[in-house]
Amino acid sequence: MIRDFFLYTIFMIFILLLVYGHMDILARFHQIRFTKHHYLGIYDPLNVIHDASGMWSYLNDVLLTRLIPNERNNSLKESLYLFGTVRLRQTRVKPDSGACSDLPETIRMIYNTEICIHSMEDGQEENNSFVNSWKVVYEDYVEDLEDSPFVYKSAEQLRTASFSGQRATYSGGGFVANFSRDNIQEARITLDTIKQSKWLDQYTR
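Residues numbered from 1 in each chain as written. Predicted model: local features only at pLDDT ≥ 70, side-chain atom pairs only at ≥ 80, totals over all residues. Heavy atoms only, no water.

## Some words on the pattern of salt bridges
Taken as a whole, this structure holds one salt bridge when the rule is applied. Where Arg-92 meets Asp-201, a salt bridge forms, and the shortest distance between an N and an O atom there is 2.9 Å. Here Asp-201 lies in the segment after helix H7 (184–196) and Arg-92 lies in the loop between strand E1 (86–90) and helix H5 (105–111), a separation of 109 residues in the sequence. With a relative accessible area of 4%, Arg-92 lands in the buried category. The partly exposed category is assigned to Asp-201, whose relative accessible area is 24%. (Salt bridge = Lys/Arg side-chain N within 4 Å of Asp/Glu carboxyl O. Helix = DSSP H or I, 4+ residues; strand = E, 2+ residues; numbered from the N terminus. Buried < 20%, exposed > 50% of the residue type's maximum accessible area, 1.4 Å probe, protein only.)

## Digging into the packing of aromatic side chains
The final tally for this structure, using the stated rule, is five aromatic pairs. When the ring of Phe-130 is compared with that of Trp-134, the centres are 5.4 Å apart and the planes differ by 80°; the resulting orientation is edge-to-face. Across the pair, exposure class does not vary: Phe-130 and Trp-134 are buried alike. Ring plane angle 50° and centroid distance 6.5 Å describe the contact between Phe-130 and Phe-175, whose orientation is recorded as tilted. Here the residue Phe-130 occupies a position in the loop between H5 and strand E2 (152–153), and Phe-175 occupies one in strand E5 (residues 174–179), the gap between them amounting to 45 residues. On the basis of relative accessibility, which here comes to 6%, the residue Phe-130 falls in the buried class. Accessibility expressed as a relative area gives 0% for Phe-175, which makes it buried. Members of the aromatic cluster, joined through ring pairs, are Phe-130, Trp-134, Phe-150, Tyr-152 and Phe-175. The side chain of Arg-92 reaches across the aromatic face of Trp-134, ending 3.7 Å from its centre. (Phe/Tyr/Trp six-rings, centres within 6.5 Å; stacked < 30°, edge-to-face > 60°. Lys NZ or Arg CZ within 6 Å of the ring centre and 35° of its normal.)

## Section: the pairing of E5
Of all six residues in E5, five are buried, a share of seventy percent or more. Relative to E5, E1 runs antiparallel, the two sharing five bridges. Within the sheet, the bridge partner assigned to Leu-88 lies in E5 and is Ala-177. Here E2 runs beside E5; their pairing, made up of two bridges, is antiparallel. When the sheet's bridge partners are listed, Tyr-152 is paired in E5 with Phe-175. (Pairing = 2+ DSSP bridges.)

## Regarding the environment of Leu-200
Counting through the fold element by element, Leu-200 comes out in the segment after H7. Counting along the chain gives 148 residues from Leu-200 to Ala-52, while the straight-line C-alpha distance between them is 6.9 Å. Filtering out sequence-adjacent residues up to four positions away, Leu-200 remains in contact with Met-55, Trp-56 and Gln-90. (Contact = heavy atoms within 4.5 Å.)

## Overview of the packing of helix H4 (residues 52–67) against H7
Think of two packed helices as two axes; the pair is described by the angle between the axes and how far apart they sit. For the pair H4 and H7, interaxial distance at closest approach is 11 Å and the crossing angle is 165°. With respect to each other, H4 and H7 are oriented roughly antiparallel. Seen along the crossing, H4 lies across H7 with a hand that is right-handed. Touching Trp-56, Leu-59, Asn-60, Leu-64 and Thr-65 of H4 are Ile-184, Ala-187, Arg-188, Leu-191, Ile-194 and Lys-195, all from H7. Partitioned by chemical class, the residues of the contact of H4 with H7 number seven nonpolar, two polar and two charged. (Axes fitted to C-alpha atoms, helices over the stretch in contact; angles between N-to-C directions. Parallel < 35°, antiparallel > 145°, perpendicular 65-115°, else oblique. Left-handed = near helix turned anticlockwise from the far one by under 90°. Nonpolar A, V, L, I, M, F, W, Y, C, P; charged D, E, K, R; others polar.)

The structure is reproduced here in structure tokens:
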């Protein structure tokens with residue numbers, strides 16, 4: 001048994017060396033750098049986006065323009081685009097008025113409720129579906145609102161893997177807004193619609 005375990009360990013080490021030994025780390029670095037700097041127009045995200053208003057401006061002025069091939073002010077070649085739906089996905093945490101129950105009332109009044117928001121690590125991810133805003137929970141069949149950006153979709157439905165960020169690990173599920181790849185005006189109408197409905201707020205992650 002020990003001999004089998006030893007041989008299995010050697011085999012797995014060989015497989016790992018074979019797989020990772022063929023990865024071009026430099027090429028991967030340049031691919032990520034190109035995507036961030038040229039395709040998404042981000043050089044330093046912390047200096048570009050500070051609040052929800054900055055995010056909306058970035059989405060409208062930078063991202064949408066670069067998502068549409070042959071659009072004005074877009075110098076990217078059409079061959080650089082990947083096929084597929086353009087979508088904006090967010091995960092959310094559940095509101096909980098009891099999250100600040102241990103804090104003195106004076107502090108709660110000064111900072112309002114912003115500091116009472118759970119982190120994703122608390123296991124408080126929002127998975128309810130809503131009707132055109134985050135105020136009314138939709139309790140009927142979600143298939144009736146399949147394309148709504150307020151309907152929760154699981155990681156299996158979206159075929160999206162989880163992502164580990166600097167502050168938390170985010171699941172592959174969430175709320176999705178789909179954008180047109182053919183017409184920037186239609187894409188901006190979609191963006192304006194979710195902006196007016198306050199799709200992004202303090203619970204967005």
